[in-house]
Amino acid sequence: MFISYTNCWVYGQTVTAEGYTNNVWLQVRWTDWSVGYSSAIYFKGDKYGNLPLSAQC
C-alpha cells in the first residue's frame, strides 16, 4: 500500500525522529482509498510537508 496524496495537516503528538522534532501530522490517502495520518517528519519540504498553512484539517 502506497500513499496516493496528502490532503491536509493537523497538530498532534510531538514526534522526534531522523534528527527532527515536529508535532505536525499529514492526512494521507492510501492507494486503496483509506485515510490515515503520518508525521510530517517523513515528508520532504517544510514543517507542513509543503502543504499551505490554509490546508489545516
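Overview of the structure. Not measured: the values here are computed from a predicted model.

1. Overview of unusual backbone geometry
In this structure, E18 is a non-glycine residue whose phi angle is positive, near 55°. Residue placement: E18 occurs in the loop between β1 (3-17) and β2 (20-30). A positive phi angle, near 75°, is found at W33, a position not held by glycine. Of note, W33 is situated in the loop between β2 and β3 (35-39).

2. Some thoughts on the pairing of β3
The pairing of β2 with β3 spans five bridges and is antiparallel. Each bridged residue has a counterpart across the sheet, and for W25 the counterpart in β3 is S39. Where β2 folds back onto β3 in an antiparallel hairpin, the turn is made up of four residues, including W33, whose phi is positive at roughly 75°.

3. Some words on the state of the cysteines
Counting across every chain of the model gives one disulfide. Across the disulfide from C8 sits C57; the S-S distance is 1.7 Å. Here the S-S torsion is close to 95°, and the disulfide linking C8 with C57 is therefore right-handed. Note that C8 is positioned in strand β1 and C57 in the segment after β3, a separation of 49 residues in sequence. Of the residues examined, C57 reaches a relative accessible area of 46% and is grouped as partly exposed.

4. Regarding the nonpolar core
W9, V24, L26, V28, A40, Y48, L51 and A55 together form the largest nonpolar core, which totals eight residues. Counting residues per element, this core draws most heavily on β2, which supplies three residues. In this structure, L26 is in contact with T6, C8, W9, G36, Y37, S38, A40, F43, Y48, G49 and L51, ignoring residues within four places of it in sequence.

5. Brief notes about the environment of T31
Position of T31 among the secondary structure elements: in the loop between β2 and β3. Take T31: its relative accessible area is 46%, and that puts it in the partly exposed class. Spatially, the C-alpha atom of T31 lies 28 Å from that of T21, the residues being 10 residues apart in sequence.

Rules used in this analysis
- Residues numbered from 1 in each chain as written.
- Predicted model: local features only at pLDDT ≥ 70, side-chain atom pairs only at ≥ 80, totals over all residues.
- Heavy atoms only, no water.
- Helix = DSSP H or I, 4+ residues; strand = E, 2+ residues; numbered from the N terminus.
- Pairing = 2+ DSSP bridges.
- Disulfide = S-S within 2.5 Å.
- Buried < 20%, exposed > 50% of the residue type's maximum accessible area, 1.4 Å probe, protein only.
- Core = buried A, V, L, I, M, F, W, Y, C linked by side-chain atoms within 4.5 Å.
- Contact = heavy atoms within 4.5 Å.

Don't take any of this as a statement about function, it's just geometry.
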